[in-house]
Amino acid sequence: MRTRLRALADIAVVLALVAYAIPFFWQLLTSFGNSLGIATLTTLLSLAAGVPAAYAVARLPLPGKRFLLLAIVASTAFPQIATVSPLYLLMRALELRDTWTGLVLVHASFALPLTIWLLAGFVREIPIEAEEAASVDGAGIISLFRWVIVPLLAPGLASTALLTFLFSWNEFLFAYTFTVSEASRTIPVALALFPGVFEVPWGDIAAASMLASLPPVVIVIALQRFLVRGLVAGAVKE
């Protein structure tokens, strides 16, 4: 009888803990979906705008190209904290506060300079003869990008996409400033706001941190072949 009572007591305690933790882990799960969607959209937007811009910087005779490249590099070192106030006012004026759209646009604007800089280096590694041969065969600009530029840029695209995804996934300042509800709250913000009344729930935070690290790890494993090629691109010359 005592054994059964102890078993029932243990089950009751476990059920009470589960009932207590469900709202918190539901919030974490919602933040997990937000982070995944925002980081993916940020990556796609950065690549869609970065590939044509990088090609123009690498191939076209633009006036003041060196100054443009210097400005692109300098913009990556601009402190984020200096832009929070004007961006907050802009987001509020456009009614984009606490939305995916607002965070995606902000993240993409900060990821785009690095995207252009990295992809421009990969574009320079593409033999110009390949583009000329495709043009002679009658390929237009869209076909050129679809069948020549993008396939040859696959290692560079994988490396750049991973860096952009990780930046958006781990970004905290803008996500914390521009979100107020679970509708668009990301993983770093959810971890920072993890509840603890009388003590810090280190176990819950550790478990949530491990869960938050899974998507980047899975992406790295899936793209490791392209990442290795991208990291060593240009290291060996024939």
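Residues numbered from 1 in each chain as written. Predicted model: local features only at pLDDT ≥ 70, side-chain atom pairs only at ≥ 80, totals over all residues. Heavy atoms only, no water.

Asker: Where do I start with the nonpolar core in this structure?
Answerer: One recurring pattern in soluble globular proteins is that nonpolar side chains are buried together. Judged by nonpolar contacts, the single largest core of 22 residues is most densely connected at Val 51, Tyr 55, Leu 119, Leu 144, Ile 149, Leu 153 and Leu 157. Secondary-structure elements contributing two or more residues to this core are helix 1 (2-59), helix 2 (65-76), helix 4 (100-124), helix 6 (141-152) and helix 7 (154-170). Looking at this core, the element that brings in the most residues is helix 1, giving six residues. When near neighbours in sequence (up to four residues on either side) are disregarded, Leu 119 contacts Leu 47, Gly 50, Val 51, Ala 54, Leu 153, Gly 156, Leu 157 and Thr 160. (Core = buried A, V, L, I, M, F, W, Y, C linked by side-chain atoms within 4.5 Å. Buried < 20%, exposed > 50% of the residue type's maximum accessible area, 1.4 Å probe, protein only. Helix = DSSP H or I, 4+ residues; strand = E, 2+ residues; numbered from the N terminus. Contact = heavy atoms within 4.5 Å.)

Asker: Please explain the pattern of salt bridges as it appears in this structure.
Answerer: Pairing is possible between side chains of opposite charge, provided their charged atoms come close. Scanning the entire structure with this criterion turns up one salt bridge. A salt bridge links Glu 131 to Arg 59; the nearest nitrogen and oxygen atoms lie 2.9 Å apart. Note that Glu 131 is positioned in helix 5 (residues 128-136) and Arg 59 in helix 1, a separation of 72 residues in sequence. Since its relative accessible area comes to 4%, Glu 131 is described here as buried. (Salt bridge = Lys/Arg side-chain N within 4 Å of Asp/Glu carboxyl O.)

Asker: How should the packing of aromatic side chains be read in this particular structure?
Answerer: A ring pair, where both rings are aromatic, is described by two values, the distance of the centres and the angle of the planes. One pass over the full model with this rule turns up seven aromatic pairs. Where Tyr 88 meets Phe 178, the ring centres are 6.4 Å apart and the plane angle is 25°; that geometry is what we call stacked. You can see Tyr 88 sitting in helix 3 (residues 84-93) and its partner Phe 178 sitting in helix 8 (residues 173-178), a full 90 residues away along the chain. In this structure Tyr 88 comes out as partly exposed when scored by relative accessible area, which is 24%. Summarising the aromatic geometry, the rings of Phe 165 and Trp 169 are spaced 5.8 Å apart at their centres and angled 20° between planes, so their arrangement reads as stacked. One end of the pair, Phe 165, and the other, Trp 169, are both in helix 7, four residues apart, so they sit about a helical turn from each other. Neither Phe 165 nor Trp 169 differs from the other in exposure class; each is buried. Chaining the aromatic ring pairs together yields one cluster made of Tyr 88, Phe 110, Phe 174 and Phe 178. (Phe/Tyr/Trp six-rings, centres within 6.5 Å; stacked < 30°, edge-to-face > 60°.)

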